[in-house]
Each structure stands twice: as C-alpha cells, then as structure tokens.
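Residues per chain are reported as follows:
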Amino acid sequence: MTLPARKFKNPRARHNFQGRTCSVIAVGSYVPDRVLSNADLEQMVDTSNEWILTRTGIRERRIAAQHQATSDLAVKAARIAMQRAKITPEQIDLIILATITPDMPFPSTACLVQEKIGAMHAAAFDIQAACSGFIYALEIAQQFIMTRTYDTILVIGAEKLSSIINWADRNTCVLFGDGAGAAILRNRPRAHGLLTACMGSDGGRAGLLCMPGGGSAFPPTHETVAAGLHYLRMDGKETFKYAVTAMLAAANEALRRCELDISQIKCVIPHQANRRIIDAVANRLGAKPSQLFVNLDRHGNTSAASVAIALDEAVTSGRIQRGDLVLMIVFGAGLTWGAAVIEW
Ligand SMILES: CC(C)(COP(=O)(O)OP(=O)(O)OC[C@H]1O[C@@H](n2cnc3c(N)ncnc32)[C@H](O)[C@@H]1OP(=O)(O)O)[C@@H](O)C(=O)NCCC(=O)NCCS
C-alpha cells in the first residue's frame, strides 16, 4: 500500500501495514482450594445431589476464600501462564481481563492484576461479555498482535461468582463456581494460531440472565439490597434454549469460515454451564464424545473463566498437542455468544 508522503511519521507503517498471525503461547489456570459439593448444597437449600447431577452434570464447584478477590484468582492463573511462556511481567504489553465479578466497579481488575504481577509496561483494561468473555477477549487481543501494535498480551477470564450468588436460591446457587484461566498471546512464526472467532450478541434478551442492582440503573440502596437486586438472576429454561441455538450457530459459522469439518477438530471445548446443553450442541454439531472436553462436573459454571480453565486442563492433560485444531464455543448473559478455532 502506498500512501501520499506527509511531514510526519506514521508508526503503524513500519511493516508496510502487513499483518501477522497470533498464537496462544501458553495457558494457566487456578481454582480455589475450597470444594463445595452437591451434598454440602443439600444442607443449604432444598435440593439433592441427584437433581443437580441429572439436570446439570455438576458434582462440585470451587469457592474462593473470603480474602480472595477476582484479581487474586487471576494473578495465580496469570503467573502459571507466564512461567510456562517463559516471559517476565515486564514483557507484557497489554492485559485484557474478562469478568462479571470485578474486584470493584472501577478501577478495572486488569489494572489491579497489573500491579500485583508487576507488569509495569502494560496497558490494562477489563471487558464484560459474561460467560463469553474469554473468547471476546482473545479476539480483541488478536487484533493488537495481528496489527503489530503489541507483541505480548495476557488474556484472563476470572470470576468470583460466589460473591453475587443468592445462596438461598436453589435455582441458581447450585450452578456456579469460582476460578480463573489465563493465556499468553504472541506471534509464533510459521503457526496459524487463532484462525477465527465469531462473536454475537442479543441485548433484547438481557433480562434472561442479569444482576440488576449496583449499577447506574439501580444504585445500591437499602431497598435494592432488600429486594436482592445485587444477586445474579436467571430464567434457566429460556436461557437453555437460546444457549443451544446460539452455540451451534457460532460453531458452524467458525467451521465454515475455516472450511473445516467437525471431524477435523481434535478437541471441542464448550462453555461449561450444563451437561445437557453441551450434549445437545455436540450432537447437533456431529462431534463425538471423544472430541469433547468437559470439566463441568468439578467446577460448575465459572462464567468468563470457564473455557479458559478447560483449555488449560485440556492442554496439561495432553488432550491437545501442538498443531491440533481446537474449537471453543461460548454463551452467556447479554445475551452473548461466540466460537473460535485455534491451531494449537
Ligand atoms: C437451570 C437449569 C439447570 C434448570 O433445569 P430445568 O430442567 O430447566 O429445570 P426447570 O427450570 O424446569 O425446573 C424444574 C423444577 O426443578 C426445580 N428446581 C430448580 N432448581 C432446583 C434445585 N437446585 N434442586 C431441586 N429442584 C430445583 C424448579 O423449582 C422446578 O420446580 P417446579 O416444576 O416445581 O417449579 C437449566 O434450565 C439450565 O441449565 N439452564 C441454562 C443455564 C445456563 O446455561 N446458564 C448460564 C448461561 S452462561
């Protein structure tokens, strides 16, 4: 591309506007020590292990300690990813953190993580796409690598969902858990890396899954707290229907863009919300059970951390090797959804 000569420097022209690929160099994850089992929940609300297991596939979930905020979970995952990527905190150019449970409304949790890990040269910001957040963050990060704006990006999905759960509401409290997953993104020469990410949203259905209070619409007052507006709320049945349709459409679109058949995918990592959603999507996609990675039974739904933790566990357990094709599919509040194909 030839642009007219002007009397200033355009730093973006250094590589003649040529892009480059973006790879996940390393991943890491962390879940808190405390295990909350279905048997424990039986003591807290009118539920049963049998109901939770057959309706959701969840056996247990991890709950952060009182002193642990989302940034603390994120830092633990980030440190593991940095160590595996053999990078120092000073090398990180940008931190993008996806969460619906930030330490506080502002500053961003990404900035708090920056300070805690000592990434003093990094820019840092949060994104909010609920359970779809990690794929959204990966796709945003990829743009900076592709355009050569940044060389090394830390992407994190982290949640302390236990802080917004109504522990007296059996409809929601059995479903969620805490945790964090992190990825280091860089250009890896001769690797394709992140091939595509399809993202979508439907704000018309925002009311299906939300936390109404605490923001500018319903600032916290005694009344909003008494009405429980600071808790996560969900219409489970409706959310379920949209989850299956949206995840399937996103996955098919991602495969179509890469001219891939599902049989070529080594590992499918769906958002871990409900085993029945995962199976319905997998069946319609034509994915074999052996292609699926599921850790929902141990972690429940950890929202933005969900596929990030699953990706890390799939890699560290040897389910994914370098060169394998991975399909990640997400869905969450917003509504939001997405799918990404990665050449690992
Ligand atoms: C929440 C979910 C597990 C409920 O499963 P379901 O099969 O749709 O169950 P229903 O909502 O029809 O509820 C059936 C009954 O079980 C009851 N129930 C709900 N939670 C229960 C629990 N923890 N223990 C026992 N009974 C429970 C309901 O009160 C209802 O009783 P009723 O028929 O007397 O009213 C399911 O809808 C779901 O997973 N939805 C999507 C969730 C999701 O993906 N959210 C996050 C997106 S990121």
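Residues numbered from 1 in each chain as written. Predicted model: local features only at pLDDT ≥ 70, side-chain atom pairs only at ≥ 80, totals over all residues. Heavy atoms only, no water.

**Quick word on the packing of helix 8 (residues 236-257) against helix 9 (residues 275-285)**
- It is at 9 Å that the axes of helix 8 and helix 9 come closest, and there the two elements cross at 40°. Considering the angle they form, helix 8 stands oblique to helix 9. In this structure, helix 8 meets helix 9 at a crossing whose hand is right-handed. Each of Phe240, Ala243, Val244, Met247, Leu248, Ala251, Asn252 and Leu255 in helix 8 lies in contact with helix 9, whose residues at this interface are Arg276, Ile277, Ala280, Val281, Arg284 and Leu285.
- Its residues assigned to classes, the contact of helix 8 with helix 9 comprises 11 nonpolar, one polar and two charged. (Axes fitted to C-alpha atoms, helices over the stretch in contact; angles between N-to-C directions. Helix = DSSP H or I, 4+ residues; strand = E, 2+ residues; numbered from the N terminus. Parallel < 35°, antiparallel > 145°, perpendicular 65-115°, else oblique. Left-handed = near helix turned anticlockwise from the far one by under 90°. Contact = heavy atoms within 4.5 Å. Nonpolar A, V, L, I, M, F, W, Y, C, P; charged D, E, K, R; others polar.)

**Let's talk about the environment of Thr224**
- As for its placement among the helices and strands, Thr224 is situated in helix 7 (residues 222-226).
- Leaving out residues up to four positions away in the same chain, Thr224 has contacts with Phe218, Pro219, Leu229 and His230.
- A polar side-chain atom of Thr224 sits 2.9 Å from the main-chain amide nitrogen of Thr221. (Polar contact = N/O pair within 3.5 Å; in protein donor to acceptor, adjacent residues only side chain to side chain.)

**Some details on the sheet that holds strand 11 (residues 267-270)**
- Spatially, the four strands line up as an open sheet ordered 8-13-12-11, and their pairing is mixed. The open sheet terminates on both sides in strands that have one partner only, identified here as strand 8 (194-201) and strand 11. Along the sheet, successive strands turn relative to each other by an average axial angle of 10°, direction set aside.
- Looking at chain direction, strand 8 and strand 13 (residues 336-343) are connected through seven bridges and run antiparallel. Paired with Gly200 across the strands is Trp337, a residue of strand 13. (Pairing = 2+ DSSP bridges.)

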